[in-house]
Amino acid sequence: MKIAIGADHGGFLLKNQVRDRLIASGHEVRDFGTNSSDSTDYPDYAGPVAHAVANGEFERGILVCGSGVGMSIAANKVHGIRAALGVSPEQVALIRQHNNANILTLGERFIQEPAAEELVKIFLETPFEGGRHERRVEKIAELENE
Ligand code: RB5
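Residues numbered from 1 in each chain as written. Predicted model: local features only at pLDDT ≥ 70, side-chain atom pairs only at ≥ 80, totals over all residues. Heavy atoms only, no water.

1. Some remarks on the overall build of the protein chain
Part 1: Looking only at helices and strands, one finds six helices and five strands in the protein chain.
Part 2: On C-alpha atoms alone, the protein chain measures out to a radius of gyration of 14 Å, which is about the 15 Å that the 2.2 N^0.38 rule sets for 146 residues.
Part 3: Projected onto its principal axes, the C-alpha coordinates of the protein chain cover approximately 40 × 30 × 25 Å.
Part 4: With 146 residues in all, the protein chain has 48% of them scored as buried.
Part 5: Sequence-distant contacts in the protein chain: of pairs separated by 6 or more residues, those separated by 24 or more amount to 68%.
Part 6: On the protein chain, roughly 7,400 Å² of surface is accessible, and the fraction owed to carbon and sulfur atoms is 50%.
Part 7: Between the averaged position of the 15 positive side-chain charges in the protein chain and that of its 21 negative side-chain charges there is a distance of 4 Å. (Helix = DSSP H or I, 4+ residues; strand = E, 2+ residues; numbered from the N terminus. Rg over C-alpha atoms; globule rule 2.2 N^0.38 Å. Buried < 20%, exposed > 50% of the residue type's maximum accessible area, 1.4 Å probe, protein only. Contact = heavy atoms within 4.5 Å. Areas by Shrake-Rupley, 256 points an atom, 1.4 Å probe, with all protein chains shown as cover. Lys, Arg positive; Asp, Glu negative; His and termini not counted. Charge placed at Lys NZ, Arg CZ, Asp CG, Glu CD.)

2. Some points on the site of the ligand
Part 1: If you check the shell around the ligand, you find D8, H9, Y42, C65, G66, S67, G70 and R109 and nothing else.
Part 2: The separation between an oxygen atom of the ligand and a polar main-chain atom of G66 is 2.8 Å.
Part 3: Between the ligand and S67 there is a distance of 2.9 Å, counted from an oxygen atom to a backbone nitrogen or oxygen.
Part 4: Protein contact buries 70% of the 300 Å² of open area that the ligand shows by itself. (Near = heavy atom within 4 Å. Polar contact = N/O pair within 3.5 Å; in protein donor to acceptor, adjacent residues only side chain to side chain.)

3. Some remarks on the sheet that holds strand β5 (residues 103–107)
Part 1: Taken in spatial order, the five strands make up an open sheet running β2-β1-β3-β5-β4, and their pairing is parallel. Looking at which strands have only one partner, the edges of the open sheet turn out to be β2 (28–31) and β4 (83–85). Averaged over neighbouring strand pairs, the angle between their axes works out to 20° when direction is ignored.
Part 2: Note that strand β1 (residues 2–7) and strand β3 (residues 60–65) share five bridges and pair parallel. Looking across to β3, one finds that A4 is bridged to G61.
Part 3: Contacts from helix α1 (residues 12–24) reach β1, β2, β3 and β5, with the element oriented near 165° to β1.
Part 4: Helix-sheet contacts for helix α5 (residues 115–125) involve β1, β3 and β5, and the interaxial angle to β5 is about 170°. (Pairing = 2+ DSSP bridges. Axes fitted to C-alpha atoms, helices over the stretch in contact; angles between N-to-C directions.)

4. Remarks on the environment of V49
Part 1: Structurally, the position occupied by V49 is in helix α2 (residues 43–54).
Part 2: Judged by its relative accessible area of 0%, V49 falls in the buried class.
Part 3: A C-alpha to C-alpha distance of 6.5 Å links V49 and I5, two positions 44 residues apart in sequence.
Part 4: Residues contacting V49, with those up to four places away along its chain left out, are A4, I5, G6, F32, G61, L63 and I103.

5. Quick notes on the pattern of salt bridges
Part 1: Taken as a whole and judged by the stated rule, the model has eight salt bridges.
Part 2: Across the pair K2 and E28 runs a salt bridge, and its minimum N-O distance is 4.0 Å. Residue K2 is located in strand β1, and its partner E28 is located in strand β2; the two are separated by 26 residues in the primary sequence.
Part 3: E28 sits in the partly exposed class, given a relative accessible area of 48%.
Part 4: Between R21 and E113 there is a salt bridge whose closest N-O contact spans 3.6 Å. (Salt bridge = Lys/Arg side-chain N within 4 Å of Asp/Glu carboxyl O.)

6. Some details on the side chain of T105
Part 1: In this fold, T105 is placed in strand β5.
Part 2: From its side chain, T105 meets the backbone nitrogen of L85 in a polar contact 3.5 Å long.
Part 3: Once residues lying within four places of it in the same chain are set aside, the contact partners of T105 are L63, G68, M71, S72, A83, A84, L85 and G86.

Quick look at the structure:
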């Protein structure tokens, strides 16, 4: 799968671990940075990753910051993005099955390997259920035009 990944300084260590495991698993990954603990602004990484997913260049995105919330708020400003914070295996399955989330955000202060790896695996492998959820996801897109 083609995956775009990014982080701010609060998430770059976990981002690097997730990136390396995805590459080792055979995924095609582009790392949009950041790559050090130097202070950065999370929208500067959420934007490029979100646009790369929204324009179809990448099938999924993964964004990491300290809480995972700033990345989620920022990425969801981009038309066509459904970014959601990953909390537990069951909840990540639901953000795919019900919400068709195309970006997973993680908070490095709250989740580390190997739990993060499990969330990423579920995010990538769980299909959208469609059906009644299709209508609801379409209504989200309509909100962008209001
Ligand atoms: C950076 O200190 C921190 O605010 C950021 O990583 C993220 O948690 C924001 O939501």
